[in-house]
Amino acid sequence: MANALLSIQIIPRTPGGESVIPYVDRAIEIIKASGVPYRVAPLETTMEGELNHLLSIVQEMNAAMTEMGCPSVISQIKVYYNPADGASMDVLLEKYPDGQ
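Presented here is an overview of the structure given in this document. (Residues numbered from 1 in each chain as written. Predicted model: local features only at pLDDT ≥ 70, side-chain atom pairs only at ≥ 80, totals over all residues. Heavy atoms only, no water.)

## Thoughts on the sheet that holds strand 1 (residues 4-13)
In space, the 4 strands of this open sheet follow the order 2-3-1-4, with antiparallel pairing throughout. With one partner strand each, in any of the chains shown, strand 2 (38-40) and strand 4 (72-81) form the two edges of the open sheet. Direction aside, neighbouring strands of the sheet carry axes that sit 20 degrees apart on average. Where strand 1 and strand 4 come together, 10 bridges link them in antiparallel fashion. Residue pairing for strand 4: Ser7 is matched across the bridge by Lys78. (Pairing = 2+ DSSP bridges. Helix = DSSP H or I, 4+ residues; strand = E, 2+ residues; numbered from the N terminus. Axes fitted to C-alpha atoms, helices over the stretch in contact; angles between N-to-C directions.)

## Some words on the side chain of Thr46
Looking at where Thr46 falls in the secondary structure, it is placed in strand 3 (residues 45-49). In this structure Thr46 comes out as buried when scored by relative accessible area, which is 15%. Reaching out from Thr46, the side chain makes a polar contact with the side chain of Ser7 at a distance of 2.6 Å. (Buried < 20%, exposed > 50% of the residue type's maximum accessible area, 1.4 Å probe, protein only. Polar contact = N/O pair within 3.5 Å; in protein donor to acceptor, adjacent residues only side chain to side chain.)

As structure tokens, this is what we get:
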């Protein structure tokens, strides 16, 4: 069972001030490739898993941004950590399954 939820908003400083969309798309590809459950929302993406693994995904996302030419990256994260009872997006969202 997962022990954490981690929400991330990644804000890369792009070369030449270009659109961040391709960079954000790459970050989401990294999350998808990791195999953890995730949910994309308008301002952030939430992942579910073991905290150490989720933090390593954040590290990989930041590295990818610099590899794509970004001189710097801001990653705003929120963590829900519950090692005793586990963490689940489904449980926290059961009252609002469609987000409304």
